[in-house]
Amino acid sequence: MSAETITLTLPDGSAREFPADATPLEVARTIGERLAKAAVAGQLDGAVVDLRAPIRRSGAFRVLTAKDPEAGAVIRHSAEHVLADAVERVFPGTIIDAGRQDHSEKFQYDFRIDHAFTQEDLEKIEAEMARIVKEGRPFERRVVGRPQAAEIFKSRKEEIKLVRLADIPEGDEITLFQHGEFVDLCRGPHVQRTDQIGAFKLIETSGAYFKGDERNEMLQRIYGTAFATKEELDAYFAKIEEARRRDHRRLGKELDLFSFSPLAPASPFFHPKGAAVYNELLAFMRGLYVKYGYQEVITPQLFDAELWKTSGHYFHYKENMFFAEVDEREYGLKPMNCPSHCVLFGVHAHSYRDLPLRIADFGRLHRYERSGVVQGLTRVRSFCQDDAHIFCMPSQIGAEVDSLFDLMFEVYGTFGFNDPVVYLSTKPEGAMGDDALWESAESQLQECLTRRGVAFTVNTGDGAFYGPKIDFVVHDAIGREWQLGTIQLDWNLPERFKLAYVGEDGAEQRPVMLHRAVLGSVERFFGVMLEHFAGDLPLWLAPEQARVLPVSDKFLDAARAVKAGLVAAGLRAEVDERSEKLGAKIRDGELAKVPVLLIVGAREAEAGGASVRLRHRGDLGSRTLDEIAATMTATTKQRALDPWPEAK
RNA sequence: GCUGGCGUAGCUCAACUGGUAGAGCAGCGGAUUUGUAAUCCGCAGGUUACGGGUUCGAGUCCCAUCGCCAGCUCCA
């Protein structure tokens, strides 16, 4: 292959030669005029490229049209320019900043304008955008020199663009995209014509700091989204609606699980039902602690500031802590358990034979979170973690991590969070501990992941300064990602607390500490899980596992007997004693998302059982009390997701 | 913390440009005795988040505080 030609392998497998400066659009024309017309972008070795940018290298190539999912980001990116164009037209004098990096779902643009956009403004802007889209203006791509670009933005009085231009590293190619009158500094890619933006909608406005830094001026941001078709746009909003329906804050209120009070901002009150669920989560973890060799401890809430000075929190985490002064002594409310576990480790002299020492703690933690960041149960100021610290020898890291993986996968699988995504973060700049320690630890972690065949992503340099870490991200029932578990290696705290064990050779050695949580914050997990199940908790977690519904008051005693039998079997059951019609009791039971409704009428009272109605599955017919209790206790014990396997 | 929005009965929400705060559900009382997603009648429920102000008059307009929501930011 000469320098002047490139070879492109097309989707049909054919390899064709093109001049090196050929653009995707030109390639598309050689395939077909209709394809060229429909083209939205090119794709070279998986990367989406602009139709007008010379390809310059060989590879697997294809033309993307609006039908391809990869085209969505290009469409949204183009809609973003149309948004900025429309705002400049509707609000002359507005200085534009820049759009969004990630166009996988949304687009956004920031503006300097002495006015906060209102809903009516958005409508006006949308109307203007619609006009621009309809006009089918072609996007033009231009490569320009730095002075030329500066000249263009200066003449347009786009002051912020000049700052942005200056931020582009020397030597980088500077490209401009223009449609109609509107010019923007942009890498692309963009669609050919504005009318390829099939359907768009502006979503909301907000303030946003210039370059995301709160010391900078605040700009006005507008968010929107766009798709090739109206159907896709509707599907996007349907998904948002589905997420709203599952919102744990809404479900928590509807199901009477928890609430908040202005008297304790960002600190949940778990009602009796919520507390029942919460305690089941803890009981689940406690059971696993026995299996995995943990010892649970209970440690104080409030510590002398001295502890936080030793741990380093006093200097690095103070702004997230609550303090109190009593008897002229400064105390800090614990935001983490690790320092107290270090104190605990120091209580006894330890032999290498004691290690690994696994210390679990469900202690309540308090962290001051800024008022703007707290949110439902997912970001609170008072919470507890299924926290544990493992003190071990550096050589034991691999085995400990291996065991942690078993634990993590067992826990996540129980909730139906299958195939968690794993991230490994490695040594950052300015880390503590010598390179040999880091290398050994990182390779032990990697080996463990590879041995298990767990797919993972390495975040190079993203580890904490005190050690590498592994994060677990799960997908919920509607595909959203949640980071839950974490494993962090730490050689800093053992050093600070001068922890030691006596090794085989009789010499004192420094242990390594592993911080780990599986659920993470139990509060946050509670929220995530509630959304994952859309409020339909599996039987073992349901605060009210069964509700007995007498067909009429005549069967109240029979209903109470069924409840008594279930309670005796260790189940959580209630009787609906209201003199309502059966239909009303069923409706209320369903709305309360009680997994098992047990109906007792003349037939069942006679036979000493109940008719079983399962949520989402309906009437199963009559069962004896013994059968009901046996099935429910079995699925509860197994923590099965399916409350009634025999019904299938 | 910042920008914007919001705060009315336990819950969900009404109350046009300032003019007597209202409904459904839940609650309570009564009637009804019900067979797989709402039986009927009645009663009660409010310092309109909180504190000031403008006005003859404020749920509505203005200021401050608290909280909630979205975004920014933070996440040793």
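The present account deals with the structure reproduced in this document.

Reading guide: rules and limits
Residues numbered from 1 in each chain as written. Chains lettered and ligands numbered in written order. Predicted model: local features only at pLDDT ≥ 70, side-chain atom pairs only at ≥ 80, totals over all residues. Heavy atoms only, no water. Helix = DSSP H or I, 4+ residues; strand = E, 2+ residues; numbered from the N terminus. Contact = heavy atoms within 4.5 Å. Areas by Shrake-Rupley, 256 points an atom, 1.4 Å probe, with all protein chains shown as cover. Lys, Arg positive; Asp, Glu negative; His and termini not counted. Charge placed at Lys NZ, Arg CZ, Asp CG, Glu CD. Near = heavy atom within 4 Å. Polar contact = N/O pair within 3.5 Å; in protein donor to acceptor, adjacent residues only side chain to side chain. Nonpolar A, V, L, I, M, F, W, Y, C, P; charged D, E, K, R; others polar. Pairing = 2+ DSSP bridges. Axes fitted to C-alpha atoms, helices over the stretch in contact; angles between N-to-C directions. Parallel < 35°, antiparallel > 145°, perpendicular 65-115°, else oblique. Left-handed = near helix turned anticlockwise from the far one by under 90°. Salt bridge = Lys/Arg side-chain N within 4 Å of Asp/Glu carboxyl O. Buried < 20%, exposed > 50% of the residue type's maximum accessible area, 1.4 Å probe, protein only. Phe/Tyr/Trp six-rings, centres within 6.5 Å; stacked < 30°, edge-to-face > 60°. Lys NZ or Arg CZ within 6 Å of the ring centre and 35° of its normal.

Some thoughts on the overall build of chain A
(1) Moving on: The helix and strand tally for chain A stands at 20 helices and 34 strands.
(2) Moving on: Counting only C-alpha atoms and orienting by the principal axes, one finds that chain A spans roughly 80 × 75 × 60 Å.
(3) Moving on: Of all intrachain contacts in chain A linking residues separated by at least 6 positions in sequence, the fraction that spans at least 24 positions is 68%.
(4) Moving on: Of the roughly 30000 Å² that chain A leaves accessible, carbon and sulfur atoms contribute 51%.
(5) Moving on: Charged side chains in chain A number 82 positive and 100 negative. The centres of these two groups are separated by 4 Å.

Describing the protein's contact with RNA strand B
(1) Moving on: Surveying the vicinity of RNA strand B reveals 54 residues, the closest of which are Glu 204, Gly 212, His 316, Ser 579 and Ser 611.
(2) Moving on: For RNA strand B, the fraction of protein-proximal atoms (within 4 Å) that sit in sugar or phosphate groups is 48%.
(3) Moving on: One of the side-chain N or O atoms of Tyr 209 is found 2.7 Å from a base nitrogen in RNA strand B.
(4) Moving on: Contact distances for RNA strand B include 2.6 Å between a phosphate oxygen and a side-chain N or O atom of Ser 371.
(5) Moving on: For the surface near RNA strand B, the secondary structure elements donating two or more residues are β11 (199–209), β12 (218–227), α8 (248–254), α18 (582–591), α19 (602–607) and β33 (609–614).
(6) Moving on: Looking at which element gives the most residues to the surface near RNA strand B, the answer is α18, with seven residues.
(7) Moving on: Looking at the surface near RNA strand B, its residues break down into 19 nonpolar, 17 polar and 18 charged.

Let's talk about the sheet that holds strand β16 (residues 302–304)
(1) Moving on: Pairing is antiparallel in the open sheet, where three strands are placed in the order β16-β18-β17. One side of each edge strand has no neighbouring strand; the edge strands of this open sheet are β16 and β17 (323–326). Adjacent strand axes in the sheet meet at a mean angle of 35 degrees when their direction is disregarded.
(2) Moving on: Taken together, the three bridges between β16 and strand β18 (residues 329–333) define a ladder with antiparallel strand orientation. Within the sheet, the bridge partner assigned to Asp 304 lies in β18 and is Tyr 331.

With respect to the packing of helix α13 (residues 397–414) against helix α14 (residues 435–452)
Relative placement of two packed helices is described by the angle separating their axes and the distance separating the axes.
(1) Moving on: The N-to-C vectors of α13 and α14 enclose an angle of 40 degrees; their axes lie 9 Å apart at closest approach. Taken as axis vectors, α13 and α14 run oblique relative to one another. As α13 runs across α14, the sense of the crossing is right-handed. Across from Ile 397, Gly 398, Val 401, Asp 402, Phe 405 and Asp 406 in α13, the residues of α14 making contact are Ala 441, Gln 444, Leu 445, Cys 448, Leu 449, Arg 451 and Arg 452.

What to know about the pattern of salt bridges
(1) Moving on: Taken as a whole and judged by the stated rule, the model has 52 salt bridges.
(2) Moving on: Two residues, Arg 131 and Glu 128, come together in a salt bridge whose shortest N-O distance is 2.8 Å. Placement of both Arg 131 and Glu 128 in helix α4 (residues 119–134) is noted, with a separation of three residues, approximately one turn of the helix.
(3) Moving on: For Arg 131, a relative accessible area of 47% translates into the label partly exposed.

Things to note about the environment of Ser 14
(1) Moving on: Considering the arrangement of structural elements, one finds Ser 14 in the loop between β1 (5–9) and β2 (15–19).
(2) Moving on: Judged by relative accessible area, Ser 14 falls into the partly exposed class, the value being 26%.
(3) Moving on: Along the primary structure Ser 14 and Arg 245 are separated by 231 residues, whereas in three dimensions their C-alpha atoms are 49 Å apart.
(4) Moving on: If near-sequence neighbours (up to four positions away) are discounted, Ser 14 is found in contact with Leu 8 and Thr 9.
(5) Moving on: At a separation of 2.7 Å, a polar atom in the side chain of Ser 14 contacts the side chain of Asp 12.

Let's talk about the sheet that holds strand β9 (residues 174–179)
(1) Moving on: One open sheet accounts for three strands, arranged β8-β9-β10; its pairing is antiparallel. Sheet topology places β8 (139–144) and β10 (182–185) at the edges, where each strand pairs with a single neighbour. Pairwise comparison of adjacent strand axes, ignoring direction, gives a mean angle of 25 degrees for this sheet.
(2) Moving on: Two strands pair when backbone bridges link them, and β8 and β9 are joined in this way by six bridges, in the antiparallel orientation. Residue pairing in the sheet places Arg 141 in a bridge with Phe 177 of β9.

A few points about the packing of helix α9 (residues 272–292) against helix α16 (residues 522–532)
(1) Moving on: The contact between α9 and α16 brings their axes to 11 Å, and the two run at 110 degrees. Of the possible angle classes, the one that applies to α9 and α16 is roughly perpendicular. Where α9 abuts α16, its residues Gly 274, Val 277, Tyr 278, Leu 281 and Leu 282 lie against Val 522, Glu 523, Phe 525, Phe 526 and Met 529.
(2) Moving on: In terms of residue class, the contact of α9 with α16 is made up of eight nonpolar, one polar and one charged.

Notes on the side chain of Asp 386
(1) Moving on: For Asp 386, the location among the structural elements is in strand β22 (residues 382–392).
(2) Moving on: Here Asp 386 sits buried without a salt bridge, and the closest side chain of opposite charge, Arg 516, lies 4.3 Å off (N-O distance).
(3) Moving on: Side-chain polar atoms of Asp 386 contact the backbone nitrogen of Val 518, separated by 3.0 Å.
(4) Moving on: When residues no more than four places from it in sequence are discounted, the contact partners of Asp 386 are Met 285, Tyr 289, Phe 362, Arg 516, Ala 517, Val 518, Leu 519, Gly 520 and Val 522.

Quick word on the packing of aromatic side chains
(1) Moving on: Under the criterion given, the structure shown has 29 aromatic pairs.
(2) Moving on: Seen in terms of ring centroids, Phe 417 and Phe 525 are 6.2 Å apart; in terms of plane orientation they differ by 80 degrees. Their pairing is edge-to-face. With Phe 417 in the loop between α13 and β23 (421–425) and Phe 525 in helix α16, this residue pair connects regions lying 108 residues apart in the sequence. Taken as a pair, Phe 417 and Phe 525 share a single burial class, namely buried.
(3) Moving on: A centroid spacing of 5.4 Å and a plane angle of 85 degrees characterise the contact between Trp 438 and Trp 491, whose relative ring orientation is edge-to-face. Placement of the pair is Trp 438 in helix α14 and Trp 491 in the loop between β26 (481–490) and α15 (492–496), with a sequence separation of 53 residues. Summarising the burial analysis for this pair, Trp 438 and Trp 491 share the class buried.
(4) Moving on: Clustering of aromatic rings is evident, with ring pairs tying together Phe 258, Phe 260, Phe 270, Tyr 278 and Phe 526.
(5) Moving on: Across the ring face of Phe 227, the terminal group of Arg 76 is positioned such that the distance to the ring centre comes to 4.7 Å.
(6) Moving on: Lying over the aromatic face of Trp 540, Arg 639 brings its terminal NZ or CZ to 5.0 Å of the ring centre.

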